[in-house]
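# Structural characterization, general
One-letter residues, chain by chain:
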Amino acid sequence: MSSVSPAPRRPLSSTPVLRTALVWGGIVTAVLLVLGAVVGFLVGGGGGLGSALSGVAVSAIFLAVTAISILVANRWFGDPLYVPIFFGIVLGGWLLKLILFIVAIVVLRGQGWVDPVVFYVALVVSVIASLVVDVVVLLRMRIPSVSDVTLPTDPDAGDRRS
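Everything in this summary refers to the structure shown in the same document. These numbers were taken from a predicted model, which means no experiment stands behind them.

## Digging into the nonpolar core
- Listed in full, the 9 residues of the largest apolar core are Leu12, Leu18, Ala67, Ile70, Leu71, Ala73, Tyr82, Phe86 and Val90.
- Of all the secondary-structure elements, those providing two or more residues to this core are α1 (14-73) and α2 (82-109).
- Ranked by residue count, the leading element in this core is α1, at 5 residues.
- If you look at the next biggest cluster of nonpolar residues, it comprises 6 residues, including Leu32, Ala52, Ala122 and Ala129.

Here it is as structure tokens:
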């Protein structure tokens, strides 16, 4: 009686890309928090500092939610219900971002310390920096064209994976 053990599951090709983008995005966010705090304070005092930190933080949270939701959803790869689970988790992440965005705008809009120009500039700079990180990570990752495909084996020839 021969038993063929299933091949160990490899991570999806998107997993290392998303993890690398999250790590570099975190580093860039930390740098932008420091730069934003300094520039925001010089431009608008304490309100500018808080506005810059808020703008960078809001941007970082929103951009990270999508990558994290995809990484979480990828854990079900290979499951027969992978596609609906994947889209359910990613759509749930988008809905979470929408709710968080509305809450953030409502909370920050009424605050006297918020400098709208500093907040906006910090938000835009942070989004652009995140997009640059994503592009650089995608360009530098080496992913085969058919990385997530497993070809069937010939049952008469035996398992050739060993």
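## Comments concerning helix α3 (residues 116-140)
- Helix length check: α3 (25 residues) gives 36 Å between terminal C-alpha atoms against 36 Å at 1.5 Å per residue, within 8%.
- Taken as a whole, α3 has its buried residues at Val118, Phe119, Ala122, Ser126, Ala129, Ser130, Val133 and Val137.
- Buried residues in α3 make contact with α1 and α2.

Thresholds applied
Residues numbered from 1 in each chain as written. Predicted model: local features only at pLDDT ≥ 70, side-chain atom pairs only at ≥ 80, totals over all residues. Heavy atoms only, no water. Core = buried A, V, L, I, M, F, W, Y, C linked by side-chain atoms within 4.5 Å. Buried < 20%, exposed > 50% of the residue type's maximum accessible area, 1.4 Å probe, protein only. Helix = DSSP H or I, 4+ residues; strand = E, 2+ residues; numbered from the N terminus. Expected span 1.5 Å × (residues − 1). Contact = heavy atoms within 4.5 Å.

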